[in-house]
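Coordinate analysis (summary)
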Amino acid sequence: MKVSIIGAGNVGGLLALRLLEFNLGEIVLIDIAEGLAKGKALDLEDCSAVYKYNSRIKGSQNFEEIANSNIVIITAGFARKPGMLREELLKKNALIVKDIALKIKEFSPQAIVLVVTNPVDILTYLVLKITKFSPKKVLGVGLNLDTARFINLISKELNISCSEIEAMVIGAHSETMLVLERFSFIKGIPLSQFLDQDTIKRLKEETINRGAKIVSFYGSGSAYFAPASATAEVVKAILKDERKSLCVSSYLEGEYGLKDICIGAPCILGKNGREKIIELELNPSELALFLKSADSLNQQKEILKKDGLL
Ligand code: NAI
């Protein structure tokens, strides 16, 4: 198996480490910054020797190295600064991601593409439109991170292991995401039997604001430990054909009453990428919020169209 990571920054570098741990085969790290990918690859290679991983890793500035990848992951681009919304990265990251999408199409046309760069939903849409790959093969990663954040907060609140908790976050990976307590359970028992409504509301808000809170502490750059782990979870589900349900952003063609949009919903992931979209039975107020989240993505689409990027 071969996995290529475009962008050897905080998320890309740490993701490479996580993937080495899976012993998947070959990892390629690409970055435009001279020496960065090569340096990180050598550093990571030394980890292999310590931990006895068998995967090989190579760093390069040359996109030809991604040829014949099973998966290409895009983590290249700007991260937000304190006080910024992910959407404010749209124009400059769209330029970067468009160029990368063309290179993926040229050098690794059979690959499954995972987009991590923010704002992730609209950039997933952009990659899909540029590459014209199957919608099953172009996915955005972000909501399984938000789900992990909600689970972590519930676990801390109740002092119950994360492994006992199931949660659901759908919509855009932005402030408009829907943290769905109605689809969140502890060993099959609804969350509302463990926590009162005020506490659930607080934990939902903390989940939505978690990324911004981390950015405000870092002062420059955004979260990368959990994002790298969440992306690795998606890579593993696909490469090991786990048929696992994870929330990812993908192209809808009528599901949830939406068309021509990439937005987050639970999907079964396996060797073909997205094997199936799961349609939750949302109640009217949940559906209204989901459509509002979709609306914000349609507005971003219009911005890209106006700028000639779509
Ligand atoms: P970073 O600044 O540490 O790394 C970005 C890297 O991209 C840099 O090394 C830069 O040289 C490289 N790069 C820029 N243009 C490139 C190009 N055309 N080709 C190859 N490499 C290029 O940023 P970090 O923290 O790794 O974040 C990367 C992106 O991931 C940001 O857009 C951030 O917002 C996003 N992100 C998304 C998350 C999600 O859940 N979807 C979570 C965390 C971050």
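In what follows, the structure referred to is the one given above.
Let me begin by describing the structure that accompanies this report. (Residues numbered from 1 in each chain as written. Predicted model: local features only at pLDDT ≥ 70, side-chain atom pairs only at ≥ 80, totals over all residues. Heavy atoms only, no water.)

Some thoughts on helix 4 (residues 120–131)
What counts, and what does not: Helix and strand assignments follow DSSP, with helices taken as H or I runs no shorter than four residues and strands as E runs no shorter than two, numbered in order from the N terminus. To estimate how far a helix should reach, multiply one less than its number of residues by 1.5 Å. Under the scheme applied here, a residue whose accessible area is under 20% of the maximum for its type counts as buried, over 50% as exposed, and between as partly exposed, the area being computed with a 1.4 Å probe on protein chains only.
The terminal C-alpha atoms of helix 4 lie 16 Å apart, and with 12 residues this matches the ideal 16 Å at 1.5 Å per residue to within 8%. Within helix 4, 11 of the 12 residues are buried, which leaves the element mostly enclosed by the surrounding structure. Buried within helix 4 are the following residues: V120, D121, I122, L123, T124, Y125, L126, V127, L128, I130 and T131. Looking one or two residues beyond helix 4, the residue adopting positive phi is K132, at roughly 60 degrees.

Examining the packing of aromatic side chains
To keep it simple, the criterion reads: For Phe, Tyr and Trp, rings pair up if their centres lie within 6.5 Å, where Trp contributes its six-membered ring, and each pair is then called stacked (planes under 30 degrees apart), edge-to-face (over 60) or tilted (otherwise). Over a ring means this: the NZ of a Lys or the CZ of an Arg is within 6 Å of the ring centre and within 35 degrees of the ring normal.
All chains considered together, the criterion is met by five aromatic pairs. Ring geometry for Y218 and Y224: centres 5.8 Å apart, planes at 35 degrees, overall tilted. We classify Y218 as partly exposed; its relative accessible area is 38%. Across the ring face of F63, the terminal group of K103 is positioned such that the distance to the ring centre comes to 4.8 Å. The positively charged end of K137 is found above the aromatic ring belonging to F133, 5.4 Å away from the centroid.

Quick look at the environment of K132
Within the secondary structure layout, K132 lies in the loop between helix 4 and strand 6 (138–140). In the structure, K132 is positioned 23 residues away from P109 in sequence and 9.8 Å away in space, judged by C-alpha atoms.

What about the site of the ligand?
This is how it is decided: Definition of nearness: a residue and a molecule or strand are near each other if at least one heavy atom of the residue lies within 4 Å of the molecule or strand. Between N or O atoms, a polar contact is any pair within 3.5 Å; within protein, one atom must be a potential hydrogen donor and the other a potential acceptor, and residues adjacent in sequence are included only when both atoms are from side chains. The protein chains shown are the only cover counted for residues, whose accessible areas, like all others here, come from Shrake-Rupley with a 1.4 Å probe.
Inspection of the region around the ligand gives 29 residues, with N10, V11, D31, F78 and V141 positioned closest. One of the side-chain N or O atoms of D31 is found 2.6 Å from an oxygen atom in the ligand. Contact with the protein chains covers 86% of the free accessible surface of the ligand, which is 870 Å². When residues of the shell around the ligand are traced back to their parent elements, those giving at least two are helix 1 (10–21) and helix 3 (90–107).

Concerning the environment of A232
Counted only if it meets this: Contact between two residues is taken to exist if any of their heavy atoms lie within 4.5 Å; hydrogens are not considered.
As for its position among the elements, A232 is in helix 7 (residues 225–239). Between the C-alpha atom of A232 and that of C162, which follows or precedes it by 70 residues, the distance is 18 Å. Apart from residues lying up to four places away in sequence, A232 is in contact with L15, R18, L19 and F22.

Looking at the pairing of strand 2 (residues 26–30)
Where we set the bar: Assignment of crossover handedness uses the view with strands pointing away from the viewer, where a clockwise path from the first strand over the helix to the second indicates a right-handed crossover.
Burial analysis of strand 2 places four of its five residues in the buried class, the great majority of the element. Assessed by its sense of winding, the connection that carries the chain from strand 1 (residues 2–6) through helix 1 to strand 2 is right-handed.

Considerations on the side chain of R149
Among the structural elements, R149 can be located in helix 5 (residues 143–158). When residues no more than four places from it in sequence are discounted, the contact partners of R149 are R86, T207, R210, G211, I214 and A223.

Quick notes on unusual backbone geometry
Put simply, N118 and P119 share a cis peptide bond, and its omega is 0 degrees. Within the secondary structure, P119 is located in the loop between strand 5 (112–115) and helix 4.

Things to note about the side chain of T147
For T147, the location among the structural elements is in helix 5. Assessed through its relative accessible area of 11%, T147 is described here as buried. Polar side-chain contacts of T147 include one of 2.7 Å to the backbone oxygen of L143. Once residues lying within four places of it in the same chain are set aside, the contact partners of T147 are A167, M168 and V169.

Remarks on the pairing of strand 4 (residues 71–74)
Where we set the bar: At least two DSSP bridges between two strands are required for those strands to pair.
Residues I71 and I73 point to one face of strand 4 and V72 and I74 to the other, with burial holding for every one of them. As judged from the four bridges shared by strand 4 and strand 5, these two strands associate in the parallel manner. Bridge pairing in strand 5 links V72 to V113. With respect to chirality, the unit in which strand 4 leads through helix 3 into the neighbouring parallel strand 5 is right-handed.

Overview of the nonpolar core
The condition that has to hold: What makes a nonpolar core is a set of buried Ala, Val, Leu, Ile, Met, Phe, Trp, Tyr and Cys residues whose side-chain atoms join them at distances within 4.5 Å. An automatic or database domain assignment supplies the residue ranges for each domain.
Counting residues in each nonpolar core, the largest one holds 71 residues, and the members touching the most others are L19, I71, I73, L114, I170, V235 and L269. Counting only domains with at least three residues in this core, you end up with domain 1 (2–140) and domain 2 (143–306). One finds V97, A111, V120 and L123 within the second-largest nonpolar core, a separate group that totals 31 residues.

Take it as geometry only, folks, not as evidence of what the structure does.
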